[in-house]
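Given next are the chains, with one letter for each unit.
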Amino acid sequence: MQKKIRVILPRIEGNKKTKHKILKVAVYCRVSKNTPEQLQSLEMQELYFEKLVTENHDWELYKIYKDVGSGTRRKGRDGYIEMLKDAQKHRFDLILVKSLSRFGRNIVETLSTIRRLKKMNIAMLSDVEQINTMEVNEVLLSILLAAAQEESAAKSENIKFGIRQRMRSGKAVLNHTRFLGYTKDEDGRLVVVPEEAEIVRKIFSLYLDGYGVRKIKRYLEENGIKTVTGKVEWSTSTIDRMLSNEKYMGNLLLQKTCTPDFLTGKQKKNCGEQSMFLVENAHEPIVSKEVFEKAQWKPKMVHIEVPLRMKGGISIRQYAARKDEPDFVQLKDHGKAVIPGSTMT
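Here is what the cut-offs are and how they apply
- Residues numbered from 1 in each chain as written.
- Predicted model: local features only at pLDDT ≥ 70, side-chain atom pairs only at ≥ 80, totals over all residues.
- Heavy atoms only, no water.
- Helix = DSSP H or I, 4+ residues; strand = E, 2+ residues; numbered from the N terminus.
- Buried < 20%, exposed > 50% of the residue type's maximum accessible area, 1.4 Å probe, protein only.
- Patch = residues over 30% accessible without salt bridge, like charges linked within 9 Å, V, L, I, M, F, W, Y side chains within 5 Å.
- Areas by Shrake-Rupley, 256 points an atom, 1.4 Å probe, with all protein chains shown as cover.
- Salt bridge = Lys/Arg side-chain N within 4 Å of Asp/Glu carboxyl O.
- Pairing = 2+ DSSP bridges.
- Phe/Tyr/Trp six-rings, centres within 6.5 Å; stacked < 30°, edge-to-face > 60°.
- Lys NZ or Arg CZ within 6 Å of the ring centre and 35° of its normal.
- Axes fitted to C-alpha atoms, helices over the stretch in contact; angles between N-to-C directions.
- Parallel < 35°, antiparallel > 145°, perpendicular 65-115°, else oblique.
- Contact = heavy atoms within 4.5 Å.
- Nonpolar A, V, L, I, M, F, W, Y, C, P; charged D, E, K, R; others polar.
- Lys, Arg positive; Asp, Glu negative; His and termini not counted.
- Polar contact = N/O pair within 3.5 Å; in protein donor to acceptor, adjacent residues only side chain to side chain.

Some words on the side chain of threonine 113
No. 1: Here threonine 113 lies in helix α4 (residues 107-119).
No. 2: Among the residues examined, threonine 113 registers a relative accessible area of 1% and is labelled buried.

Examining a nonpolar patch on the surface
No. 1: Among the surface-exposed residues, Val139, Leu140 and Ile143 lie close enough to one another that they form a single nonpolar patch of about 280 Å² accessible area.
No. 2: Within the element layout of this structure, isoleucine 143 appears in helix α5 (residues 138-168).

A short note on the sheet that holds strand β4 (residues 123-126)
No. 1: Across the sheet, which stays open at both edges, the five strands sit in the order β2-β1-β3-β4-β5 with mixed pairing between neighbours. Here the strands that pair on one side only, and so sit at the sheet edges, are β2 (59-68) and β5 (131-132).
No. 2: Across four bridges, strand β1 (residues 23-31) lies against strand β3 (residues 94-97) in parallel orientation. The partner of alanine 26 across the bridge, within β3, is isoleucine 95.

A closer look at the packing of aromatic side chains
No. 1: Taken as a whole, this structure holds eleven aromatic pairs when the rule is applied.
No. 2: Taken together, a centroid distance of 5.4 Å and an interplanar angle of 50 degrees make the contact between phenylalanine 179 and tyrosine 248 tilted. Separated by 69 residues along the polypeptide, phenylalanine 179 in the loop between α5 and β6 (182-184) and tyrosine 248 in the loop between α8 (236-243) and β8 (252-254) bring together distant segments of the chain. Summarising the burial analysis for this pair, phenylalanine 179 and tyrosine 248 share the class buried.
No. 3: Taken together through their ring pairs, the aromatic side chains of Phe179, Tyr182, Phe204, Tyr248 and Phe292 make up a single cluster.
No. 4: Positioned above the aromatic ring of phenylalanine 179 is the side chain of lysine 247, whose terminal nitrogen or guanidinium carbon lies 5.8 Å from the ring centre.

As for the packing of helix α7 (residues 213-222) against α8
No. 1: Between α7 and α8, whose axes approach to 9 Å, the crossing angle comes to 110 degrees. Between α7 and α8, the angle falls in the class roughly perpendicular. Contacts from Val213, Arg214, Ile216, Lys217 and Leu220 in α7 reach Thr236, Ile239, Asp240 and Leu243 in α8.
No. 2: Of the residues belonging to the contact of α7 with α8, the class tally is five nonpolar, one polar and three charged.

Observations regarding the side chain of aspartate 67
No. 1: Mapped onto the secondary structure, aspartate 67 falls in strand β2.
No. 2: Despite its burial, aspartate 67 pairs with no opposite charge; the closest candidate is arginine 77, at 4.3 Å N-O.
No. 3: A distance of 2.8 Å separates a polar atom in the side chain of aspartate 67 from the backbone nitrogen of tyrosine 80.
No. 4: The contact partners of aspartate 67, leaving out residues within four places of it in the chain, are Tyr28, Cys29, Arg30, Val31, Leu42, Gly76, Arg77, Asp78, Gly79 and Tyr80.

Here it is, written out as structure tokens:
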């Protein structure tokens, strides 16, 4: 006799209006990364729930929402956001998920969302935990969500540890798609692109010859020199960053940024909160160490009054760049430059 398996689904308690009608079902599927293995897992989740809904005659599939991304925050989860918007329009009565961790790994965000869904009389069934959010005790729900969040935190720390170990050995994953002067070989090492390297050297040369970044921008555009992405218009901030990028003298400074809170995923400048790793002579330089260091010292020789009306993170080099503009006044007797509109002290 052939073995048969029948899934006995949890009871869905609704109000009197929904007890005896066909329930419209939404399915939410999520994986963390865009890898072949995880994309296959995403497909398996979809197939599993499609079959599950089809086998239940009291259910009707409304839509399958899916995401590839972290479950610790909303950002980047378009399927999740769309599902919640549809929930507010009462387009379905029930949500199916593989597990609570697939729905979300941020306990505050996820618990708040489940509460809002309950107020709209929308239940969520979790297949792994076998719970119905309309029936489960909120204390138990909080414990289960806390476990999911802690699991995510542990994974995050393991990943960070692995990255730091790579940095300690002088290895790093580098973004070179917008990095003028270099590309990467098959082993991930930086390799000089000769024609782009000439542009980099020209920028450093102009700067040391007294050009500010605005004047360098005009020079590049007037001479038809394009950016690394092929644009004809240059950004002064891009030029400013190039002049302080240690990679151009063959060094790598690793972990310039850090992510203090894995839940938000927001990066910030590493101001000493975590170790940084300087790898000297990591690859072929485009400019010499002497040229690079002169470029770093140059703006420090110019003392500038910062105008009170200007706010935000503007570097001293960007202020110094204005010395080549017609309205920039050099006061030799005071030994400092003043940008018109500023207040002298």
